[in-house]
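Inside the fold
Letter by letter, the chains look like this.
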Amino acid sequence: MIGGILRRAQWLKSHPGDVLSLETGRILGGTDRQEILKGETIAEILGGAEVDAVNLSVEDSAIGSGTVAAMHRLLGGKFVSSSVSQSGHFDLPSNVLKGPFMVVGDEPDSARLAARLGGSSQVDSGGLQGWYEFAEAAEKAFVIMTQGGRDRALELAQKFPQTLFIAYQSETRPNHEVEMLGSVALVSPGDHGKFGVRLKVKAGKILEYDVIDFGPTIEDDRKSTTTYNTYLQRIEDEKLIEQLPRQGSAPYVGTEACISCHPVAGDVWSMSRHAE
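These remarks concern the structure in this document.

**Some words on helix H2 (residues 33-48)**
Here H2 spans 23 Å end to end across 16 residues, near enough to the 22 Å set by a 1.5 Å rise per residue. Those residues of H2 that sit buried are Glu 35, Ile 36, Leu 37, Lys 38, Gly 39, Glu 40, Thr 41, Ile 42, Ala 43, Ile 45 and Leu 46. The opening residue of H2, the one whose side-chain oxygen lies 3.2 Å from the backbone nitrogen of Gln 34, is Asp 32. Just beyond H2, the residue with positive phi is Glu 50, at close to 60°.

**Section: the sheet that holds strand E2 (residues 53-55)**
Strand order in this open sheet of three strands is E1-E2-E3, and the pairing throughout is parallel. Edge positions in the sheet fall to strand E1 (22-23) and strand E3 (79-80), since each of these pairs with one other strand and no more. For E2 and E3, the ladder comprises two bridges, and the chain directions are parallel. The residue of E3 that forms the bridge with Val 54 is Phe 79.

**A closer look at the packing of H2 against helix H8 (residues 222-237)**
Orientation of H2 relative to H8, taken along the N-to-C sense of each, is 165°, at an axis distance of 10 Å. Compared by their axis directions, H2 and H8 come out roughly antiparallel. Between H2 and H8 lies a crossing whose hand is right-handed. Of H8, the residues touching H2 (which contributes Arg 33, Gln 34, Leu 37, Lys 38, Glu 40, Thr 41, Glu 44 and Ile 45) are Ser 224, Thr 227, Tyr 228, Tyr 231, Arg 234 and Ile 235.

**Overview of the nonpolar core**
Counting residues in hydrophobic clusters, the biggest one holds 32 residues, and the most contacted among them are Ile 27, Leu 46, Phe 79 and Leu 117. Within the residue set of this core, elements represented by two or more residues are helix H1 (2-13), H2, helix H4 (65-74) and helix H5 (110-117). Within the second largest apolar cluster, 16 residues are counted, among which are Val 104, Ala 135, Phe 142 and Leu 156.

**Focus on the pattern of salt bridges**
For the structure shown, the criterion picks out 14 salt bridges. Note that Asp 221 and Lys 13 form a salt bridge whose closest N and O atoms lie 2.9 Å from each other. Here the residue Asp 221 occupies a position in the loop between strand E11 (205-213) and H8, and Lys 13 occupies one in helix H1, the gap between them amounting to 208 residues. Using a relative accessible area of 6% as the deciding quantity, one classes Asp 221 as buried. With relative accessibility at 33%, the residue Lys 13 sits in the partly exposed group.

Here is what the cut-offs are and how they apply
Residues numbered from 1 in each chain as written. Predicted model: local features only at pLDDT ≥ 70, side-chain atom pairs only at ≥ 80, totals over all residues. Heavy atoms only, no water. Helix = DSSP H or I, 4+ residues; strand = E, 2+ residues; numbered from the N terminus. Expected span 1.5 Å × (residues − 1). Buried < 20%, exposed > 50% of the residue type's maximum accessible area, 1.4 Å probe, protein only. Polar contact = N/O pair within 3.5 Å; in protein donor to acceptor, adjacent residues only side chain to side chain. Pairing = 2+ DSSP bridges. Axes fitted to C-alpha atoms, helices over the stretch in contact; angles between N-to-C directions. Parallel < 35°, antiparallel > 145°, perpendicular 65-115°, else oblique. Left-handed = near helix turned anticlockwise from the far one by under 90°. Contact = heavy atoms within 4.5 Å. Core = buried A, V, L, I, M, F, W, Y, C linked by side-chain atoms within 4.5 Å. Salt bridge = Lys/Arg side-chain N within 4 Å of Asp/Glu carboxyl O.

Structure representation (structure tokens):
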């Protein structure tokens, strides 16, 4: 995720204005020291890019409530979860209101998330149902970010049929066309932060859908790059790479061999700063 986030930050900063920017979460991939440093770095970059909401996942909570609270501050207080009650360690919003939108965060494994944060699960007590009814009464477009996959998104779309869109987790590339269940759009940016999904909305209706490739054709954000370089320096200072277990791997076959099978990617790479 760390590679694409520098370009994502640049893209977000180059599209200011009437934009709702959401991150589906799962920032971390583990609980070791390097993952903690990476999480803090990503949180600082997303906070600097003024993202509006980040769905807190049970995976991210594995590092402990204290570190989650620190990441929450670096994000500018943008972690959100409607699946747990108030955390005992920091102020965790249940939803985010921006313009005509109400955004909520769903974590199917809410019991484990709640236990780690010192709260209680809200799934069985109808947490999402309450906010869905509130949004309808307030005439807000209801948006759900879920840590579940497509099946969970389908379940939520059937339960909350007036939802504008549901962003779910997926390990594949985003769909080329928006998937609809009734009037609910089901979208996913895929895994590892390499892509984004953009929806153009007017009067509560989705007018356009397109996929953004955060590849090398987008320049890295300069301020975020400074933050990233600080992260690399901290890894070096703490000698974290030296602590990783070593294992054998296939030898590097060279640029020309790679380009012979991936000519389009090679053209993009050759015109980027990475080829210098």
